[in-house]
Amino acid sequence: QLTTEQWRAQFTSYFIDHQKGHRQGFYYADGIRGQKAFFVQEHLNNIHQTRLGIEFAGRYQPLEEVSIDWGMALGRFRYQNNPQLLQLTDPSPESEQAGFRNGWQDFGLSYLKGYPLARGPQQAFSLGFTYNDPKYWRMGFTFNHFRKAYVAANAFRRTQNFYQDFDGHVFVDYNPQQANALLEPEELPSHSTLNLIGSKSWKLGKQYFGFFISLQNVLNTHYKTGGFEQARNANYRTLVADQART
């Protein structure tokens, strides 16, 4: 931390290591062991995630009435291992044929290592200006830019089920290059916003009376804050067919 008469600055770094995590979810999957479709409960076990980042913020005040503020956050949030994926569904002759035993099946590892976490933008930048007039009025703006936000990767698509047919062999029409492209992490578009503020106050005797106005996203920027891959298209063939329809 640095502080002078005109300058203020602060630097922060962090590292979060989360091991042996667990996550469960419910969804309808089409393409289990080839062509089977079931409503399942998913258990993802032994999840290892890390969050590494730095943050820098400061203020420059060349005049008593004027202040310039800035901030920057750079992060890297990733899966650090390949968790184990289990599924549960209602026991039935059809689910038995798809490899479920007493309603559950172990699909082995979900190859998520290196994939980004969907935890909002991992990079953010901000610049602000404020003017405080001695006659009790104030105006300012803040410009923000956000980058490196990702859609949550579907864990089931990253298991062996993605490329294996009902007999355990690789799909005869499986294209590794196309598969890699389909499984690439989806990065959301970068976006910027501009916010304006203004205020005015009056001193009436020993009391103050005033108003404050704030205009958010005056550039009318349309942006996505997050999302997730649907689990319905669970294997290579169903995903290719779905992509062909879009």
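Report follows, based on the coordinates. Values in this document were obtained by computation on a predicted structure and should not be read as measured data. (Residues numbered from 1 in each chain as written. Predicted model: local features only at pLDDT ≥ 70, side-chain atom pairs only at ≥ 80, totals over all residues. Heavy atoms only, no water.)

1. Things to note about the overall build of the chain
Broken down by element type, the chain carries 3 helices and 12 strands. Its C-alpha atoms give the chain a radius of gyration of 26 Å, more than 25% over the compact-globule value 18 Å for 246 residues. Principal axes of the C-alpha set define a box for the chain whose edges measure 85 × 35 × 35 Å. In the chain, which comprises 246 residues, the proportion classed as buried is 36%. Carbon and sulfur atoms provide 55% of the accessible area of the chain, an area that totals close to 14900 Å². Side chains of the chain give 25 positive and 21 negative charges; the mean places of these two sets differ by 7 Å. (Helix = DSSP H or I, 4+ residues; strand = E, 2+ residues; numbered from the N terminus. Rg over C-alpha atoms; globule rule 2.2 N^0.38 Å. Buried < 20%, exposed > 50% of the residue type's maximum accessible area, 1.4 Å probe, protein only. Areas by Shrake-Rupley, 256 points an atom, 1.4 Å probe, with all protein chains shown as cover. Lys, Arg positive; Asp, Glu negative; His and termini not counted. Charge placed at Lys NZ, Arg CZ, Asp CG, Glu CD.)

2. Notes on unusual backbone geometry
Phi is positive for Tyr136, close to 70°, though the residue is something other than glycine. Residue class for Tyr136 comes out partly exposed when judged on its relative accessible area of 39%. Located in the positive-phi region is Asn217, a residue other than glycine, with phi close to 50°. Tracing the backbone through its elements, the reader meets Asn217 in the loop between β12 (207-215) and α3 (236-245).

3. So, a nonpolar patch on the surface
Taken together, the side chains of Leu127, Phe141, Phe143, Leu196, Trp202, Leu204, Phe209, Phe211, Ile213, Leu215, Val218 and Leu219 present a nonpolar region at the surface, about 1100 Å² in accessible area. In terms of residues, the nonpolar patch owes the most to one element, β12, which gives 4 residues. Topologically, Leu127 is positioned in strand β7 (residues 123-133). Under the relative-accessibility criterion, Leu127 is labelled partly exposed at 41%. (Patch = residues over 30% accessible without salt bridge, like charges linked within 9 Å, V, L, I, M, F, W, Y side chains within 5 Å. Salt bridge = Lys/Arg side-chain N within 4 Å of Asp/Glu carboxyl O.)

4. Notes on the side chain of Asn235
As for its placement among the helices and strands, Asn235 is situated in the loop between β12 and α3. Engagement of the side chain of Asn235 in a polar contact is seen with the backbone oxygen of Gly31, the distance being 3.0 Å. Residue contacts for Asn235: discarding those within four places in its chain leaves Asp30, Gly31, Gly34, Asn161, Phe162 and Phe171. (Polar contact = N/O pair within 3.5 Å; in protein donor to acceptor, adjacent residues only side chain to side chain. Contact = heavy atoms within 4.5 Å.)

5. Considerations on the environment of Tyr28
Relative to the assigned elements, Tyr28 resides in strand β2 (residues 7-32). When its relative accessible area of 35% is taken as the criterion, Tyr28 is described as partly exposed. Sequence spacing of Tyr28 and Ala234 is 206 residues, and the spatial spacing of their C-alpha atoms is 9.3 Å. With residues up to four places along the chain from it excluded, the contact list for Tyr28 reads Ala37, Phe38, Phe39, Ala231 and Arg232.

6. Notes on the nonpolar core
Core analysis: the largest hydrophobic core is formed by 28 residues, its most contacted members being Ile32, Phe100, Leu112 and Phe156. Every element with two or more residues in this core is listed here: β2, β3 (36-63), β4 (66-79), α2 (176-182) and α3. Among the elements that line this core, the one with the most residues is β3, at 4 residues. Leave out the neighbours within four places in its chain, and Leu112 touches Leu44, Tyr79, Asn81, Asn82, Pro83, Ala153, Ala155 and Arg158. (Core = buried A, V, L, I, M, F, W, Y, C linked by side-chain atoms within 4.5 Å.)

7. Some thoughts on the pattern of salt bridges
All chains considered together, the criterion is met by 7 salt bridges. Linking Asp69 and Arg59 is a salt bridge whose minimum nitrogen-to-oxygen distance equals 2.6 Å. With Asp69 in strand β4 and Arg59 in strand β3, this pair connects stretches of sequence that are 10 residues apart. With a relative accessible area of 22%, Asp69 lands in the partly exposed category. Residues joined in a network through salt bridges with shared partners are Arg157, Arg158 and Glu229.

8. What about the pairing of β7?
Pairing geometry for β4 and β7, over 9 bridges, is antiparallel. Paired with Ala73 across the bridge in β7 is Ala124. The pairing of β7 with strand β8 (residues 137-147) spans 11 bridges and is classified as antiparallel. When the sheet's bridge partners are listed, Gly128 is paired in β8 with Thr142. In sequence, β7 turns back onto β8 through a hairpin of 3 residues, with Tyr136 there showing a positive phi of about 70°. (Pairing = 2+ DSSP bridges.)

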